[in-house]
Amino acid sequence: MNRRRAPRRVSHSQRRDAPADGGGEGRQRTDEQWRGQGKAHVREGERDERRQQHGKETGPSGTCQTMCPARELRDRELQNCLHRFELLAGTERDRKPRGDPFRAVKEYSRPAAGKDSTNPTDLRPPAVLLKTVCYLIDDIAASPHLQPWTEVYSFAFDRLRGVKQDMIIQRVSGLTCVAILERTVRFLIYASYRLCGEPLRLYDPRINDTHLQENLSWLLDCYATGTGPHPNQEKMQALGLLYNLGSARATQHIMELPERLRGSPAVTLALSINQAFLERNPVRLFRLARRLNFLQSCALHRHLVACGRDLLLIYSHGYSSRNCRFPLDVLAQLLSLDTALAGRLCQAYGVAVNQDDQLVFSKAAFTEPEQGKAHCKLYHNIVAEKQRDLSVGSVIHGCA
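This one's a predicted model, so the numbers in the text were calculated from it and none came from an experiment. (Residues numbered from 1 in each chain as written. Predicted model: local features only at pLDDT ≥ 70, side-chain atom pairs only at ≥ 80, totals over all residues. Heavy atoms only, no water.)

Draft legend 1. Fine view of the sheet that holds strand 3 (residues 358-360). Ordered by their spatial adjacency, 3 strands build an open sheet running 1-3-2, and the pairing between neighbours is antiparallel. Every other strand in the sheet has two partners, leaving strand 1 (326-327) and strand 2 (352-353) as the edge strands with one partner each. Summarising the sheet, strand 1 and strand 3 pair through 2 bridges and their orientation is antiparallel. Along strand 3, the bridge assignment pairs Phe-326 with Leu-359. (Pairing = 2+ DSSP bridges. Helix = DSSP H or I, 4+ residues; strand = E, 2+ residues; numbered from the N terminus.)

What follows is the structure, given as structure tokens:
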């Protein structure tokens, strides 16, 4: 006679020892996103491209030669859904403004049941997609006249998603795909620095991070499976590691690169900074970070709060004494901050600053600041001073 097995009991200790959902959320989320999110459709696209090369399957090919299909432009005019960046000059005050066919850009649209997303007249071929991305960079993101930049970002972000959507449907690959993805990754890295600290209703860093990781993952796959040449690969590999500092997957990916890439100056510097981060050696990390260029500093800046916190914690234990005093200006040099910002950072962590601008470290007084008090905007001067005369367009195009 068959007997049903009773369900296994789980002891209280086993429940207690089970990993919590939030444990190590930040680093775990980065590891999952690195070559994770978007990986399925990217790999499927690569497989489909290989099938296509063997004549087993063909994908749709776009025929739309404008940045926005004529049908979409007409529908959005009727629905009064045009963005102000797309309006025809002189019609802005009309009840239903007209769209400028040279400024309107195809919106991102979510897949819907019964909607044909493979209509060739609605798909832009690779050359038009690259032209669209260059327009979004040169005439939108880099424009000194379009303000505020949060709105500029929102418009460019949505339209870049539309470009990516067309690329996936058509299974775009090759050098054009790489050129588009490189510019998209640079734009999202720059935005993560420039919009840091903005209200969530204007800029969500998690959404930006998700799409950055997806585009970066696709780009790295293109490097691995494409024939090249890829003259920007070394810099993009370094950017990926700096942005995902401390990620085991990102580190493993770099270590599996060919020697000529792994030994390049940009990747070698990124590996040294990553090692200092893993070893929790913030003094060495800040010293190495001075050698980074502007965009590399943009990729690193989101980790600077954790590095500054580690430095203050280490010093609060190492110099914890009633009679010990540490010069504030020396600490400011170590953190690559000016004296006033270094003083604000110390006070946020409970490190006392006396009237002589000297620090009184105490391991008992060290406290974690309230959320937002130790914001990474404190470290923006480290990045901003490296931009100097570099234009936004040259940074995103990779010409800086």
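Draft legend 2. Structural detail: empty space enclosed by the protein. Under the defined criterion, the tally for this structure stands at 4 cavities of 30 Å³ or more. Quantified by volume, the largest cavity comes out at close to 80 Å³. For the largest cavity, the full set of lining residues is Ala-156, Phe-157, Leu-160, Arg-161, Lys-164, Thr-184, Phe-187, Leu-188, His-211 and Asn-215. Here the residues of the lining of the largest cavity are counted per class, giving 5 nonpolar, 3 polar and 2 charged. (1 Å grid on protein atoms, 1.4 Å probe; cavity = no way out; pocket = protein on both sides within 12 Å on 5 of 7 lines; lining within 4 Å. Points joined across faces, edges and corners; volume = space filled by probe spheres on them. Nonpolar A, V, L, I, M, F, W, Y, C, P; charged D, E, K, R; others polar.)

Draft legend 3. Layout of the packing of aromatic side chains. In total, this model carries 18 aromatic pairs according to the counting rule given. Ring plane angle 45 degrees and centroid distance 6.1 Å describe the contact between Trp-149 and Phe-187, whose orientation is recorded as tilted. One end of the pair, Trp-149, is in helix 6 (residues 149-170); the other, Phe-187, is in helix 7 (residues 175-194), and 38 residues separate them in sequence. Judged on exposure class, the residue Trp-149 and its partner Phe-187 are both buried. Aromatic pair Tyr-153 and Phe-187: ring centres 5.9 Å apart, planes at 20 degrees, arrangement stacked. Residue Tyr-153 is found in helix 6, and its partner Phe-187 is found in helix 7; the two are separated by 34 residues along the sequence. Residue Tyr-153 is classed as buried on the basis of its relative accessible area of 5%. Joined through ring pairs, the aromatic side chains of Trp-149, Tyr-153, Phe-157, Phe-187, Tyr-190, Tyr-193, Tyr-203 and Phe-294 make up one cluster. (Phe/Tyr/Trp six-rings, centres within 6.5 Å; stacked < 30°, edge-to-face > 60°. Buried < 20%, exposed > 50% of the residue type's maximum accessible area, 1.4 Å probe, protein only.)

Draft legend 4. Seen up close, the nonpolar core. Judged by nonpolar contacts, the single largest core of 98 residues is most densely connected at Trp-149, Met-167, Phe-187, Ile-273 and Leu-331. Per-element tally for this core: the top contributor is helix 7, with 11 residues. When near neighbours in sequence (up to four residues on either side) are disregarded, Leu-331 contacts Leu-311, Leu-312, Tyr-315, Phe-326, Cys-346 and Leu-359. With 5 residues, the next largest nonpolar core counts Leu-73, Leu-82, Leu-87 and Ala-104 among its residues. (Core = buried A, V, L, I, M, F, W, Y, C linked by side-chain atoms within 4.5 Å. Contact = heavy atoms within 4.5 Å.)

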